Amino acid sequence: MVTIVVGGKSSNVGKSTLISQMIKNLNCHVGVIKTSLHKNNKEIEVTDDPSIINEKGKDTSLFKESGAQNVILLKTNYEGLLEGYRRARKLLDEDIEYLIIEGNSILDFVRPTLVFYIDSDDTQEKESATKAKSKADIIIDRENLEELIKDGNSMKFKINFEQVSCFNAHAICKALNIKLPKFGKLLDDQNIKVRYCQLGLFK
């Protein structure tokens, strides 16, 4: 299972919008865990109850409408995040191919396959966002998000690594709906090395 974490500089920066598009691009069995942290929430709430998940106007309903097979809402404080994540994982179907987790702080507890981060000049960066950005593989500026969603081949994002595995390159292209040869050329142009590459994939 490929695990993708989507973080961002602040609330309402476009994380849910990006995740929704990723679900559509992946077009396979996708599970989503939305984390919602509250300092004063001493309980760990984990649910996939349709009456909560499908509530109109909520991010979880957007994920479901976009085609996610499982959508799980996790509410807790920072101290309960790891245990809450473990409980959420148990609710996933066995055939999930991609797991997308929304949130910054979860990166203190998991090592995902990929990290996408949405940046913005309009808001102050929280400590959790600073840490998430430092771990990001792909950094997308908020002002370019809409164009990227409409046309992944616009390539308006920052690559935040010096080398990438062939497997991860495939996952990035699939999530953002980018053609492999174009992404391969971008990597070549930026002197980013591809490890464990299939013969003849990137030319």
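From a predicted model like this one, the values you see are computed outputs, not experimental measurements. (Residues numbered from 1 in each chain as written. Predicted model: local features only at pLDDT ≥ 70, side-chain atom pairs only at ≥ 80, totals over all residues. Heavy atoms only, no water.)

Chemist: So what about the packing of helix α1 (residues 15–26) against helix α7 (residues 166–176)? Which residues, and what values?
Modeler: Where α1 contacts α7, the axes come no closer than 7 Å and their chain directions differ by 105°. In terms of their interaxial angle, α1 and α7 are classed as roughly perpendicular. Residues L18, M22, N25 and L26 of α1 lie in contact with α7, whose contacting residues are K174, A175 and L176. Looking at the contact of α1 with α7, its residues break down into 5 nonpolar, 1 polar and 1 charged. (Axes fitted to C-alpha atoms, helices over the stretch in contact; angles between N-to-C directions. Helix = DSSP H or I, 4+ residues; strand = E, 2+ residues; numbered from the N terminus. Parallel < 35°, antiparallel > 145°, perpendicular 65-115°, else oblique. Contact = heavy atoms within 4.5 Å. Nonpolar A, V, L, I, M, F, W, Y, C, P; charged D, E, K, R; others polar.)

Chemist: Lay out the nonpolar core with the relevant residues and their values.
Modeler: Within the largest apolar cluster, 42 residues are counted, with the highest numbers of intra-cluster contacts made by I4, I100, F116, F157 and F183. Top contributing element to this core by residue count: α7, with 6 residues. Residues in contact with I4, not counting those within four places in the same chain, are M22, Y98, L99, I100, I101, L114, F116 and A175. Grouped together as the second largest cluster of nonpolar side chains are 20 residues, L81, I96, I101 and L107 included. (Core = buried A, V, L, I, M, F, W, Y, C linked by side-chain atoms within 4.5 Å. Buried < 20%, exposed > 50% of the residue type's maximum accessible area, 1.4 Å probe, protein only.)

Chemist: So what's going on with the side chain of T47? Which residues, and what values?
Modeler: Residue position: T47 is located in strand β3 (residues 45–47). Polar contacts involving the side chain of T47 include one to the main-chain amide nitrogen of D49, which spans 2.9 Å. Filtering out sequence-adjacent residues up to four positions away, T47 remains in contact with I52, I53, V71, I72, L73 and L91. (Polar contact = N/O pair within 3.5 Å; in protein donor to acceptor, adjacent residues only side chain to side chain.)

Chemist: Lay out the environment of I72 in plain terms, naming residues and giving numbers.
Modeler: Mapped onto the fold, I72 is located in strand β4 (residues 70–76). We classify I72 as buried; its relative accessible area is 1%. Residues I72 and R89, 17 residues apart in the sequence, show an inter-C-alpha distance of 8.9 Å. Not counting the four nearest positions on each side in its chain, I72 is found in contact with V32, I33, K34, V46, T47, D48, I53, A88, L91 and L92.

Chemist: An account of the pattern of salt bridges is requested, with residue identities and associated values reported.
Modeler: Evaluated as defined, the whole model comprises 9 salt bridges. The closest approach of N and O atoms between E102 and K34, which form a salt bridge, is 3.0 Å. Of this pair, E102 sits in strand β5 (residues 98–102) while K34 sits in strand β2 (residues 30–37); the two residues are 68 residues apart in sequence, bridging distant segments of the chain. Because the salt bridges share partners, they merge into one network encompassing K34, D59 and E102. (Salt bridge = Lys/Arg side-chain N within 4 Å of Asp/Glu carboxyl O.)

Chemist: A description of the layout of surface pockets should follow, citing residues and the corresponding values.
Modeler: Counted as a void, the largest pocket has a volume near 870 Å³. Lining the largest pocket are 32 residues, with S11, T35, L37, N104 and K126 positioned closest to its centre. Elements supplying a minimum of two residues to the lining of the largest pocket: α1, β2 and α5 (127–135). The computed volume of the second largest pocket comes to approximately 250 Å³. (1 Å grid on protein atoms, 1.4 Å probe; cavity = no way out; pocket = protein on both sides within 12 Å on 5 of 7 lines; lining within 4 Å. Points joined across faces, edges and corners; volume = space filled by probe spheres on them.)

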